[in-house]
Structures are given as C-alpha cells and as structure tokens.
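Reading the structure
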Amino acid sequence: MATIELKQVEKQFGDFYAVRPMDLTINSGEFVVLLGPSGCGKTTTLRMISGLETVTGGNIFLDERQVTWLKPSDRDIAFVFQFFALYPLMTAYENISFPLQAQGESQATISQRVKDVVDLLEIHHLLDLRPGKLSGGDKQRVALARALVRRPAAFLMDEPLGALDADYRENMRAEIKKLHLNQNATTVYVTHDQIEAMAMGDRIVVMSNAEIQQVGAPIEVYHDPANLFVARFIGSPGMNLLYGLYQDGTIHLPGDNRYGVTEQQPRTLTRTFPVQSEAKFSDNYYQVPEAWRSALENQLSGAEVVVGFRPEAAHVTGPDQGQFAAEVYADDLHGSYSMLHLALGSDEMIVHVRAARNLDLPIGAPARFDIKPEMVRFFDPKTEKAIIQ
Amino acid sequence: MATFFEQGPGYPVVESVRVDKVSPTARLVKNIRAILVVVAAIIGLIPIFVMGLTTFKSRAAVVAVPPKFIPWSSETATIDRSASRDVFDPFFKPTLEGIVFLLTERSQFSAARQEEAEQNRDELGLFGQVALDNGQRITGPSDFVMRLRNSLIIAGGSTVASVALGVFAAYAFSRFNLPGKDDLLFFILSTRMLPGVVVAVPIFLMYRQLGLHDSHLGMIILYTVFNLSLTVWLLKGFIDEIPKEYEEAALVDGYTRFQAFYKIVLPQAVTGIAATTVFALIFAWNEYAFALMLTSQNARTAPPAIATMQGRGGIEWSAIAAGSLVFLIPVVIITFALRKHLLRGVTFGAIRQ
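Residues numbered from 1 in each chain as written. Chains lettered and ligands numbered in written order. Predicted model: local features only at pLDDT ≥ 70, side-chain atom pairs only at ≥ 80, totals over all residues.

**As for the pairing of strand β6 (residues 77-80) of chain A**
All names here are of chain A. Residues Ile 77 and Phe 79 line one face of β6 and the alternating positions Ala 78 and Val 80 line the opposite face, and both faces are buried. Of the pairings in the sheet, the one linking β6 to strand β7 (residues 154-158) comprises 4 bridges and is parallel in character. By the bridge assignment for β7, Ile 77 is matched with Ala 154. (Buried ≥ 20, exposed ≤ 12 C-beta atoms within 10 Å, placed from the backbone. Helix = DSSP H or I, 4+ residues; strand = E, 2+ residues; numbered from the N terminus. Pairing = 2+ DSSP bridges.)

**Concerning the domain arrangement of chain A**
Many structure descriptions define interface size as the accessible area lost when the parts assemble. What the domain assignment reports for chain A is domain 1 (4-227) and domain 2 (240-379). Once you take the C-alpha centre of each, domain 1 of chain A and domain 2 of chain A turn out to be 42 Å apart. (Domains from an automatic or database assignment.)

**Considering helix α5 (residues 166-183) of chain A**
Residues and elements named next belong to chain A. Here α5 is 18 residues long and its end C-alpha atoms lie 26 Å apart, about the 26 Å a rise of 1.5 Å per residue gives. Along α5, the residues that are buried comprise Arg 169, Ile 176 and His 180. One side of α5 holds all its buried residues, which, seen down the axis, span an arc of 35°. The exposed residues of α5 that point more than 90 degrees off its buried face are Asp 167, Asn 171, Ala 174, Lys 178, Leu 181 and Asn 182. Asn 184, located one to two residues past α5, shows a positive phi value of around 55°. (Expected span 1.5 Å × (residues − 1). Arc of directions from axis to C-beta.)

**A short note on the nonpolar core**
With 146 residues, the main nonpolar core has Leu156(A), Val188(A) and Val307(A) as its most contacted residues. Here this core gets 11 residues from one element, more than from any other, and that element is helix α11 (residues 216-241) of chain B. Those residues in contact with Val188(A) that lie beyond four places of it in its chain are Ile4(A), Ile26(A), Val32(A), Leu34(A), Leu46(A), Ile49(A), Ala154(A) and Leu156(A). Grouped together as the second largest cluster of nonpolar side chains are 18 residues, Leu103(B), Ala302(B), Ile306(B) and Ala319(B) included. (Core = buried A, V, L, I, M, F, W, Y, C linked by C-beta atoms within 7 Å. Contact = placed C-beta atoms within 7 Å.)

**Some thoughts on the sheet that holds strand β18 (residues 349-356) of chain A**
The strands that make up a sheet are held in pairs by hydrogen bonds between backbone atoms, and each pair lies either parallel or antiparallel. Residue and element names in this part refer to chain A. Pairing within the open sheet is antiparallel, and its 5 strands lie in the order β15-β19-β16-β17-β18. Of all strands in the sheet, those bounded by a partner on one side alone are β15 (314-317) and β18. Going from strand to strand, the sheet's axes swing by 50° on average, the running direction of each strand aside. Pairing between strand β16 (residues 324-333) and strand β17 (residues 337-344): 6 bridges, direction antiparallel. Along β17, the bridge assignment pairs Glu 327 with Ala 343. (Axes fitted to C-alpha atoms, helices over the stretch in contact; angles between N-to-C directions.)

**So, the packing of helix α14 (residues 270-286) of chain B against helix α17 (residues 317-337) of chain B**
All names here are of chain B. Taken N-terminus to C-terminus, the directions of α14 and α17 make an angle of 175°; their axes are 11 Å apart at the nearest point. For the element pair α14 / α17, the angle class is roughly antiparallel. Taken together, the residues of α17 that come into contact with α14 (itself represented by Val 278, Leu 281, Ile 282 and Trp 285) are Val 331, Ile 334 and Thr 335. Split by residue class, the contact of α14 with α17 holds 6 nonpolar, 1 polar and no charged. (Parallel < 35°, antiparallel > 145°, perpendicular 65-115°, else oblique. Nonpolar A, V, L, I, M, F, W, Y, C, P; charged D, E, K, R; others polar.)

**Regarding the packing of helix α3 (residues 107-121) of chain A against helix α4 (residues 136-148) of chain A**
For any two helices packed against each other, one specifies the crossing angle of their axes together with the interaxial distance. Residue and element names in this part refer to chain A. Interaxial distance between α3 and α4 falls to 10 Å at its minimum, and their mutual angle equals 135°. One element, α3, and the other, α4, form an angle in the oblique class. Handedness of the α3/α4 crossing: right-handed. Here Val 117, Val 118 and Leu 121 of α3 come into contact with α4, specifically with Arg 141, Leu 144, Ala 145 and Leu 148. The residue inventory of the contact of α3 with α4, partitioned by class, reads 6 nonpolar, no polar and 1 charged. (Left-handed = near helix turned anticlockwise from the far one by under 90°.)

**Digging into the sheet that holds strand β11 (residues 240-247) of chain A**
All names here are of chain A. With respect to topology, 5 strands assemble into an open sheet ordered β13-β12-β11-β14-β20, the strand pairing being antiparallel. With partners counted over all chains shown, the strands left at the sheet margins are β13 (257-259) and β20 (377-379), one partner each. Within this sheet the neighbouring strands show an average axis-to-axis angle of 40°, counted without direction. Of the pairings in the sheet, the one linking β11 to strand β14 (residues 304-309) comprises 6 bridges and is antiparallel in character. Paired with Leu 241 across the two strands is Gly 308, which belongs to β14.

**Side note on the environment of Ser28(A)**
All names here are of chain A. Relative to the assigned elements, Ser 28 resides in the loop between β2 (16-26) and β3 (31-35). On the basis of neighbour counts, which here come to 14 C-beta atoms within 10 Å, the residue Ser 28 falls in the partly exposed class. Distance in space between the C-alpha atoms of Ser 28 and Met 1 is 5.6 Å, their sequence separation being 27 residues. With residues up to four places along the chain from it excluded, the contact list for Ser 28 reads Met 1, Ala 2, Thr 3 and Thr 186.

**Some details on the interface of chain A and chain B**
Residue-level contacts link 17 residues of chain A with 14 residues of chain B. Among the elements of the structure, β6 and α2 (92-102) of chain A are those that each provide at least two residues to the side of chain A that touches chain B. A class-by-class count of the residues in the side of chain A that touches chain B yields 14 nonpolar, 3 polar and no charged.

**Quick word on the confidence of the model for chain B**
All names here are of chain B. Mean pLDDT over chain B: 84, with 86% of residues reaching 70 or higher. Averaged pLDDT values over the elements of chain B bottom out at 50 in helix α4 (residues 75-83) and peak at 94 in helix α8 (residues 143-175). Confidence drops under a pLDDT of 50 for residues 349-353, and excluding neighbours within four residues, the segment shows 2 contacts in the predicted structure. The ipTM, which scores confidence in the relative placement of chains, is 0.78 for this predicted complex, and the corresponding pTM is 0.77. (pLDDT = per-residue confidence, 0-100.)

**Quick look at the confidence of the model for chain A**
Here chain A shows a mean pLDDT of 85. Residues at 70 or above account for 93%. Overall, residues 263-284 of chain A carries pLDDT values under 50, and its contacts beyond four positions in sequence, including any with other chains, amount to 15 contacts.

Rendered as structure tokens:
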C-alpha cells in the first residue's frame, strides 16, 4: 500500500481557484476523509490524485514516485464513483473483470481474482446481472469489487454512498470500513456528510473555499476546531457560537450574561451547587481561568470574542442555578434526547442544548443552563481562528 | 370482492391496472388523437399507394380516366370496356410491364421473329415473356440498374464516412475543452444555412478541375461534407447524454482514451448512431440537384435518372412508378430495421437515466 503526498498542489480555472495550493500527506494504510460543503474543491483534489484532472501547479507523489503528469491508467489507483459508473452494457462479472483485461491477464488469472473479490464481498448471485437490474447497494458492491480486483496502491472514493438510500448507506458504510481494515488499503474518501466522515475516517481533512481548514483525527476536529468554519460545519447542529466582549477577565454575552469560571467553582456545579447566594453573582465568579485569560489577552485582535461549545457541553439546570439565563425558543425531539433551542438575550442568539427526554419546558419559558468549562473553546471573530491555550 | 377489499389482491401488484382514473375527457382526447394520426397516415400514404398501383398497370390502364384502382381483371370488365367508354370500370389487369421496362433494354421483334419466339415461349424467363407480349425482345439490363448501383455506392459510402467522422468530431466536442469550441460548432452548423444549390456552380467548376466530376469519389466527398454538420450536431447531443464517468472509470481501470471511447462510449451511443445514420442516408439517397449537375454517365444516381426517364419515346409512367418504388425500398428497409433505435433516438434528451 502506498503513501500519497501532495506538495503545493493547486487547480486554477482562469482566475478562479478550484483548489488553492495545498500540502497533504496520506500515510500508507490510512483512511483519510476529505470533508467539506459542495464546491469546496474536495472532489477536484481527489480527481487530481487520480489523474482525471490535471494540476495547474505542484507535485503529486505516490510512494515517492512522481506521478503528477502520469495518465490515470499508469498511476495504479482505483476510483469509486458516486454514481457507480458501472458499464451498463456489461454484466457484473464483465464489469469486475474489465480492469484485469486491460492488464492483459490470462483468463485463468482473471477468473481466479474475480472469484477472490466476489468471495470477499459476497456478491456471487449478482455476477450475471447487468447494472440496470441491481439495487443501489449492490451496484456499489460491484463497483467496489471492480476497484478491489486490481489490487491497486490506493483507493479513491468520491461520495460512494451519496447515491444510496438511507438504510443502505448505514450498512455500506460499515462494509467499506470493514473492507478497509481487512485490506489495510490506503483510502481517500470524499464526502460532504460530516457524520460519515466522523464515523469512517482515521483522519479528516476539512476543506472550504478551495483550502484545507483543518487536518486531524475525528475527535480533534470535533473538539478542537481550528476555526469558526470547522466549528460550524462539524456536528449537527454545529458548535454553539456566542459572540461577546472580553473585558477584565470576563466575557460579556447577550442578555446580561457573563461567562467565566473561578478556581473555586466545582466542575460538577449543577448537581451539588447549593441554593444561590449573592456571592455567586460577584464579578470574581465570572473570571475565565488564568490560562485562558492570558491566551485571550495575547491572541485576541480586539475586544470581541466568540465562545464556542458543543450542545452536549451545556445542560439545563434548575431555575435558581445555572450561569446563563435564556428563554426556550423551540424544542425538537430526537428520540433518546431532545434538542432545546434557547434564545439568549433580546437579539435572539440561539443556543442548542441537549436535554433529557423528560424535560418539559414550554416555549417562551425562562431556562437556565451551565456549560462544562473543559469543553469551551474561544475564537477570534476577526481572524475566525481558534484561540490556543 | 369483499375479501379483495379486506385482504388486498393476494398477489404482489407490480403494475397498477386501474383504468378508471383516466378521466373521460382524457380518454376522448386520446382517441381523437389516434384517429387524427391514422387519417394523416392515410393521406400521406395515398401517393405511395398510387405509385404502387401504377407500377403494375399496363400502358392503357395508366392513362385511363377515371382512374382504375382495383388490380383485378375479370372477363366482364374487358367486355364492358370495349362496349361503352362511359361505364366506370375500376378494374385493371396487373402486369409486370413497368418493372420489365424499367430494368431492361429491349428491341422490337420483326413479325417473323416474334412468331418464332412465341413457339419457344416457355424457354423465356418471366421478364422475357412480358416483353414478348409487347412484341419486344430483351437485349440487356437498362441504365437504371447501374444508376441504382451508383446510388447505393454513393449514399452508402457518404453515410458511413459522415457518421464515422461525425462520431469522432462529436466526441471531441462533447468531452474536450477545445479553444473556440462554440464558434467551431456554429461554423459547422452554418454550412447548412445557405441552400446547397447556390454553391453548385463553383463546385462544378472545382470538380472539373480536380477530375472529380462525374466520379463516385467526388459525390461521396460532397455528400459527406453536406451531412457532416447534421451528424456532428446530432451525435454530440447523444454523446453528451452519456455520463463521462464511464470513460473515466475505464481510464482509471487502465485503458487508453481511444480504448475507452471504443469499448465504452460507442456501444452506448448505438442508438444515436443508428438515428443519425438513417438521417444521413435519407439525405444522400434522395439528393437530386447536385446529382443532376455534377454527374452525367459514370456516377449518375437514381433520382435524376428517374426524372429523365420521361424523355425516351413516350412517357413510360409505369416504368417511372416502378423506379420510384424500387428507389424507396432500401431506405424503408433500413429505417424499419433501425426503428427501435430511431424511436429512442428521436426523443433523445427526454429520457434521463
């Protein structure tokens, strides 16, 4: 299996950049997901690796081998298309054996190798059918078999699950992941679905506006987004982002709320915190921790700051507890939990909060909530970058 | 029926069979449409029907007024005709005269020779017997046979050439970012914008210089050029419909661009190629004006030959009709053979995968 290396690779159409110069190294056996909204350049990047699209600058290396200007057929990679691209006039067997025929393998080798992948994917019953007769999931299985049969150095997949029905998608996702673990094949996988990316990737490359926004393990991308775009894009709903003002160690948020944590405050404050006392509302209480305080003061370009936290980092508290005052804006049921949308202040900044299923607050009712301090991140609204502690 | 409503049909319903949902108005409109189509078809087929009848009429029957239209002769019919000219007699005796006159050169028998030939009537072929009835002897095949052969060579050759060139050009236009692509496409289309006859004289002069005048090659080149704009545009439409992922898959699978084109695109473009072939063939087969001006003996095609047949010793209507009928046959056969592709081809763009 191969290492894929992109060095300052770019794609330009006239004045328009489809992909700005980017560096990326994909290690051997790694499953890397290119994630981003449509038009962000992720598919173009994939097509440049495959050779279906020429680069306008930079170099691509496959196992240290310069492949930038090689034809797709000479790169030893397999491509799985969103709409399968199974040759419609050939049976599944002919489709799978088609790449081997290009290599001029003998009939015996071809049938043996087709048999191997067919066993692996358990698609014996489909071999005599034409693509028109196959279901979406089966089409993608045959397409995967066609990619696997060549034993290529790397697999490139362009939204392979995008054209499938929801229930197939879950199964195929697991199948592809299992296949990857089984074959330990270097895989580059393009998707716009962040859930898919989180579930499948060893590493996620988040792209937007023709640029890489962040590269990291799913957990990193989720908990430590590098900028506001990643914070919004990952997760459903994305991170709660509250615009506020940083002043004297505390952050002023809409609706007369302030954010800060004191050293004295216990982390599991809501469960154990006694009935409110006047002391709790003192300025001292709302100081951000010392480490963050210095980072904010050093890195913020102005007084404005964005406080970000995931919906599961917030929890609704009783009426007398909780640091933030808000009003219930809407309430969605999500099966095992419900998603509360709370309006903060008069300009209706909405905070999404995960709440227990049995919590029953009418719309318009006042609600208070707390945030787990270790799950809070800060961003500079001018540069949109995360503040690093 | 009660169980049907309670338990359903008891078998999987693959296709809805309910017709009561079609409103009476919609059904009426559909019927009226069908009737109109049939009427239009009948009106359109009348000339061909007349042509068919005329082919099998004798010289006398061709010019009879009112026309005779039932190919059935009886004893009474012949008697009536001689008895009174006023009695309307729609019957005529079908004969092969027209076809024999069309396909053969004949000479008149002398009285003695004719008698001799009558003795050996059974030794003559079917055509010979028909000629003998007219007091004639077959001396050889007529020019028309050669004209028909020329038509086949020229129309066939130019159709193959224009479709083959067209499919390559269309593929290039469809798949590659050529500089000035739109202008080129418009230029190709613009060759159709002026009537071909306008350039007939310059082409005539050019061809005489080049020695292409009255040659098969010259006519094939000319028809190919005229057909190219049609084939390029039509085929581009068809190839645009084929998703380019198929070729890309083949490219990644280790095939060259040409192999991908040959193995993946062509088989899928068959429908479009068939439809285009028929259109190109019909043009080349029916073309009259250039054939009349640019050919004389060697490469003359059937259309001008049929038209000039009138000149020879009285108008042989039945021979002309037979010629037109024979001329129709190849195109009808090919259109019929490709009809499945045509139906899908003519509605191209309407069906998405």
